[in-house]
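Structural overview for review
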Amino acid sequence: MPYKITETPPMLTLEEAWKNQIRNDPYRVVAKLVKQGNYDKLAKILGRKDARQAAAIPTILLHSNDTLCSTLQREMLKRGAQAELASCADIALRLSRDYQDPAPPILKTIAAHATRPNRLSSITYAEFKQFYQTYRTHGPISA
Amino acid sequence: MDPLAHEFLERLNAAVKRKVTVVLIGGNALNILGFKGATADVDIVCRSSEPEVAKFCQEYFRRYGIKVEFFVDGLFSNIRVKDYLQKAYKFDQDEFPNIQLKIFNLYDIALTKINRLLQKDLDDLTRVLESGAITESELDARFKFLLKNTIGDKEHFQQQYQKFKTLFKDLLRQ
């Protein structure tokens, strides 16, 4: 529906805008809230029951296969890919080829990388490789 | 709203001693208007009568390393949106009591993007036009108004607008 310049279109509330952001670019929101230790808000946004559950999210991202985490992982992967590479498939393929590993550990690595509070900037393939090497050597790195 | 923008507003709200006006522009404005899910920039318009906001933006970069792009009194690189405050949408919120938050008018968002036409602007314009939220006739009228009040390179703005009309002719006719 077209709006005249004098008409106000519908607007989201701040809360809805947060939700919209987390749907489209979850890693930035999760990273910010984890950094702040604001797990109450994280729990609310993610629809988790309590802050204790939400506090476990960075760990959940590494170890769980539930739908929410899978979605977040997928979105994080997309975001990383969007920032630096042509497609998320490209990252997965290149890492799989280099390390002869299947996709799931790659997803977990990327999720771990993306939720690290100091890793808000875009991620390069070289960084992924380096991070993945550490992952393979030392196991999952908690966010 | 982007976490960086949210954080900026939180800190500004705590720092100012009187109620100030902030107009969200660009990606964050499109986010609030429901046209864009994610954005990474913090862009605002502030008033010269409230210099503490511009000063805070400058300090913000020094203190936190996050650049907040601010434009004073609706003056952009080469266009001036003279009546930006009257045309901006009032945004009710109680999270930042020291800030009167407004959202840049959709037509003004479109025209400032048209004036630049980077890839991200083309993406945003596509989303807005596909939604059918703006009309060509209103956009033409607003363009003429802004062009008349432009203090910078009018020719550039005109060329960009023509380029936009050519690029988006199919969407504009829908």
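This report concerns the structure included in the present document.

Definitions and cut-offs
Residues numbered from 1 in each chain as written. Chains lettered and ligands numbered in written order. Predicted model: local features only at pLDDT ≥ 70, side-chain atom pairs only at ≥ 80, totals over all residues. Helix = DSSP H or I, 4+ residues; strand = E, 2+ residues; numbered from the N terminus. Buried ≥ 20, exposed ≤ 12 C-beta atoms within 10 Å, placed from the backbone. Contact = placed C-beta atoms within 7 Å. Nonpolar A, V, L, I, M, F, W, Y, C, P; charged D, E, K, R; others polar. Expected span 1.5 Å × (residues − 1).

Now for unusual backbone geometry. Residue and element names in this part refer to chain B. The backbone phi angle of Asp73 is positive, close to 55 degrees, even though this residue is not glycine. Looking at where Asp73 falls in the secondary structure, it is placed in the loop between strand 3 (69-72) and helix 4 (84-87). When the 14 C-beta atoms within 10 Å are taken as the criterion, Asp73 is described as partly exposed. A positive phi angle, near 55 degrees, is found at Leu117, a position not held by glycine. In this structure, Leu117 sits in the loop between helix 5 (106-116) and helix 6 (119-131). On the neighbour-count criterion, Leu117 (16 C-beta atoms within 10 Å) is partly exposed.

Listed as interface residues are 24 residues of chain B and, on the opposing side, 21 residues of chain A. At the level of secondary structure, the elements contributing two or more residues to the side of chain B that touches chain A comprise helix 2 (26-32), helix 5 and helix 7 (136-149) of chain B. In the side of chain B that touches chain A, the residues fall into twelve nonpolar, seven polar and five charged.

Over its 14 residues, helix 3 (residues 51-64) of chain B runs 20 Å from end to end, which matches the ideal 20 Å to within 8%, given 1.5 Å per residue. Buried residues of helix 3 of chain B: Val53(B), Phe56(B), Cys57(B) and Tyr60(B), and no others.

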